[in-house]
Amino acid sequence: MNRYLKVISTIALVAIIAACATFYQKTYQIQENIAKGQFDKADKLLEKDTKWAQNNNRVLYFMNRGVVAYMMGEYGKSINYFNQADYYIEDYSKQFGWEALSLVSNPMVKPYRPEDFEVIMIHFYKALNFIALNDLEGALVEARRINIRLQQLNDKYKDYKNKYQRDAFAHNLMGMIFEAAKDYNNAFIAYRNAFEVYEGDYSELFGLSVPQQLKKDLLRTAKLSGFPEEVTRFENLFDMKTPEVHKNDEGQLLLFWLNGMGPVKSEWYITVTNFGFNNGLVALGNPELGLNFAYQASALSPRERAAFKNLSFFSVAFPKYVERSPVFRSGKAMVKDTIFTFEIAEDINKIAFQCLHDRMFRELGNALLRVATKKALEKAVNNENENLGTIVSIINTLTERADTRNWQSLPYSISYTRIYLPEGQHTINLNFAGEYVNNNTIDVNIKAGQTTFYTFHTMSSKTMN
């Protein structure tokens, strides 16, 4: 019984951590300021919240600080914050002691390990920061790291690998950066890679077609690179002519539109049936979801194994995403009487849902083992002391929570358009339509023969159900 008392004491301490509020509810004030574009307030709240920077959520702390600093135009600071987030992600694998504790509580006690796409978005934001600092080489390094990092992450998984294995927008962004540096050969290669991923992975997984602007960029850089056969091939494939190369006294504006806010995590409960022991294994599953898992019975003590035989079914908590639909569904930029339509290049919302779905099948087995261990402990203690067993049951109920932490300041989607303009100062009118119409203006300084990058974020989202 002493052995059980030690475990129960540990669980009781963790129960305090496992409060019913989701991470979204706990950090609502900061996230609300970010969503309203009140970055000064969000930055001050983050600065005051020293505990967040030091606890198991520190990765999320630095991710959010990085976004806020970027939106405030403090690009160097933003890069430093994202570097710190990246450091703690790499350090996550060294935290072995939390795994055992999470088996008798829940994953919230462990340092937060970002979803794979969240790791990738760090490099996207760092690329935007380097672009803003006119460091195209630094931006290119980050854009290249996106697909390298995706491959590294996926190589770790033996089963149920991510379907999100290549990032089309990363290749597209690389092409834009190469072209801005007048490296048309590498720009063409990057655009071609982007086209292949959009046409294959993105079309199938996310219902996202190849942007028309990418087709134009691909044709133009093929021509500038001196690849007539590629020009002919893609003109026939796209059923369009290669755009004319613009005048030397013009510059380019690449305008990114970050729309809405990405999803937040909640939780749902999966009912799991205990199919009993067979050949030294205990079998668990959910026939409706097609889930089947088996564990070595030797992992349980004799008392726990005996108690577990009487356990017919139980519920396990797992995270789920709740979509925050953007208020605006379309956008356009207007220069005098000319209209340039924004095209979606990255659907972060759909990528998030896909990554979590793939992870669920990889990690649900661990979640089942966690609950099974707790339930078996509860049964074993109850057999020796009914009152103590009741206490364990209550604690198990309190601690059975999904990990609802996530990077909530990401946009819902990324769209873009390319505009050619004469050298000089220009006012661009932006129009966004959806639940209502929103009009804005931005001022840009265009230099002949150069590419100017500009990012605009509309954060309005519909109320979550």
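This is a predicted model, so every value here is computed, not measured. (Residues numbered from 1 in each chain as written. Predicted model: local features only at pLDDT ≥ 70, side-chain atom pairs only at ≥ 80, totals over all residues. Heavy atoms only, no water.)

### A closer look at the overall build of the protein chain
When you go through the protein chain residue by residue, the secondary structure sums to 17 helices and twelve strands. A buried classification covers 54% of the 465 residues belonging to the protein chain. When contacts within the protein chain are restricted to residue pairs at least 6 apart in sequence, long-range pairs at least 24 apart make up 74% of them. (Helix = DSSP H or I, 4+ residues; strand = E, 2+ residues; numbered from the N terminus. Buried < 20%, exposed > 50% of the residue type's maximum accessible area, 1.4 Å probe, protein only. Contact = heavy atoms within 4.5 Å.)

### Quick notes on the pattern of salt bridges
Here the idea is simple: oppositely charged side chains can pair when their charged atoms come close. On inspection of all chains with the given rule, the structure shows 19 salt bridges. The residue arginine 145 makes a salt bridge to aspartate 86 at a minimum N-O spacing of 3.5 Å. Placement of the pair is arginine 145 in helix α10 (residues 136–155) and aspartate 86 in helix α7 (residues 75–91), with a sequence separation of 59 residues. What makes arginine 145 partly exposed here is its relative accessible area of 31%. For arginine 149, the salt bridge goes to aspartate 86, with nearest N and O atoms at 3.2 Å. (Salt bridge = Lys/Arg side-chain N within 4 Å of Asp/Glu carboxyl O.)

### Considering the sheet that holds strand β4 (residues 291–296)
Spatially, β4-β3-β2-β5 is the arrangement adopted by the four strands of the open sheet, whose pairing is antiparallel. On the outer flanks of this sheet lie β4 and β5 (313–322), each paired with one strand and no other. When the angles between neighbouring strand axes are averaged without regard to direction, this sheet yields 30°. In terms of strand pairing, strand β2 (residues 264–278) meets β5 through ten bridges, oriented antiparallel. Bridging from a neighbouring strand, threonine 273 pairs with phenylalanine 313 of β5. (Pairing = 2+ DSSP bridges. Axes fitted to C-alpha atoms, helices over the stretch in contact; angles between N-to-C directions.)

### Overview of the sheet that holds strand β11 (residues 438–446)
Read from one edge of the open sheet, four strands run β7-β6-β10-β11, paired in antiparallel fashion. Two strands in the sheet have a free side with no partner beyond their single neighbour: β7 (338–341) and β11. Ignoring strand direction, the axes of neighbouring strands in this sheet form an average angle of 30°. Examined bridge by bridge, strand β6 (residues 328–335) and β7 share four bridges and lie antiparallel to one another. Residue pairing in the sheet places alanine 333 in a bridge with phenylalanine 340 of β7.

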